[in-house]
Amino acid sequence: MELLEGTVRPYAWGSRTHIAALLGEPVPSPHPEAELWLGAHHDAPSRLVERTGGSTLLQALAEDPDGTFGAGRAERWQGRFPFLLKVLAADEPLSLQTHPSAEQAAAGFAREESTGVARSAPERNYRDPLPKPEILCALEEFHALAGFRDASVTVRLLRALDVDCLAHHTELLAAQPDPDGLRALFTTWITLPQRTVDQLVPALLDACVRLAKTPGSPGAHGGEFERDVRTLLDLGERYPGDAGVLAALLLNRVVLAEGECLFQPAGSPHAYLSGCGIELMANSDNVLRAGLTPKHVDVPELLRILDFRCGPPPAIQPRVEGPRAVFTAPSEHFRLVRLDVGPDDGPVDLGIDGPRIVLVVRGDAELRAGGGRTVALTRGRAVWAPAADGAVTVEAGPGRALVFAAGDGWTADANSGGADIGDGDIGSVGGAD
Ligand SMILES: [Zn+2]
């Protein structure tokens, strides 16, 4: 077990308070701080600060794969660290996006390698051959768009908005309120000529204002679509000529309470809007953007990857065992444990083996590894615990501590062969609307 220091990513949508406060640095920070990365990603491997010479987790893995990964896992992961743990702090919306499945990523990567597109090129979709499922566990109220909303509910929203130039589209979806109808409507919107988008988005925003101002309407205060309408107005102001504003009409507007967890399976469209959370994902860069961004949008590939099944947003219900909540996604790449430990709980086992990263989010905690090493961590500090360390326990003190531990979701008795499936507990988010 060793102290681990992550890397702050300064994307423009980041917060100037959350990550700085977590790390004990001056607030507000001089620049937006969007993400704190803890892992062995090639772009920003975390540092093992107790080693001389500024060694990284990436180097440690290369030097001793068997000790870091443990029996079975070294072979499963072939030297590539399976997950990336992040603290995500959004003051502004991120792009609307989705991620490929394992099969889609492998095929897409091979295709782009064969056509010779540089891996760093802006039009490159597949920078590695891996899927990128992800989960987000809220540290505070967290807002997002995630998954296609039940199409019949979307028809109700469109009818309430009553936009003349969308009337035809509304009736098309009303005639087929299912995944095929959503695919047809989304495809229409995402392929519209720019001049049409430039007419439709302002007309939609006018309708949102009208609905928000009409007392008792579904878009007004207390109405069924109040949050949806406000979000459309916000996105439309930021991206007035972006067909992603239309696409956002089709998605679930989600509010997570602290401790709730959203899952993004392959093909699920999502846009994080605001808030701070712990994000855990497969260690991949494969993103297909669908809008709300000035970046490259590859429409044909996006349409191939998007999953148009509709319903409540995909969430992970934790298995709660005393102070420990275990979030098991249907992915071999990661598993997240949230430990809300009181001073009277005594040492609490992390409950995961293999390679682990542990981060203290609130309070002070003492970690003890099987080998006997003890590390006292204050808020914002993290450790790396290789498989060889055996069981790791967390003890809070003097007050309560909130601690997150990330490991992989691999189990020795699961079928080998790399299928990205498992026994995840999928449900829906209570605060979705
Ligand atoms: Zn994503």
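Residues numbered from 1 in each chain as written. Predicted model: local features only at pLDDT ≥ 70, side-chain atom pairs only at ≥ 80, totals over all residues. Heavy atoms only, no water.

**Points about empty space enclosed by the protein**
Enumeration over the complete set of coordinates arrives at 1 cavity of 30 Å³ or more. Estimates place the volume of the largest cavity at around 30 Å³. Along the walls of the largest cavity sit Leu145, Arg149, Leu157, Asp228, Thr231, Leu232, Ala248, Leu249, Leu251 and Arg253, which together make up its complete lining. Elements that contribute at least two residues to the lining of the largest cavity include exactly α10 (226-238) and β9 (251-256). With 3 residues, the top contributor of residues to the lining of the largest cavity is α10. Residues belonging to the lining of the largest cavity are distributed by class as follows: 6 nonpolar, 1 polar and 3 charged. (1 Å grid on protein atoms, 1.4 Å probe; cavity = no way out; pocket = protein on both sides within 12 Å on 5 of 7 lines; lining within 4 Å. Points joined across faces, edges and corners; volume = space filled by probe spheres on them. Helix = DSSP H or I, 4+ residues; strand = E, 2+ residues; numbered from the N terminus. Nonpolar A, V, L, I, M, F, W, Y, C, P; charged D, E, K, R; others polar.)

**As for the domain arrangement of the protein chain**
One can read the domain layout of the protein chain as domain 1 (2-144 + 257-307), domain 2 (150-248) and domain 3 (319-428). Here the C-alpha centre of domain 2 lies 30 Å away from the C-alpha centre of domain 1. Between domain 1 and domain 2, the contact holds 13 residues from the first and 15 residues from the second. Of the roughly 1200 Å² buried where domain 1 meets domain 2, counting both sides, 68% is carbon and sulfur surface. Ranking the residues of domain 1 by area buried against domain 2 places Pro93, Leu292 and Leu303 at the top, with a combined share of 48%. (Domains from an automatic or database assignment. Contact = heavy atoms within 4.5 Å. Buried area = accessible area lost by both parts, 1.4 Å probe.)

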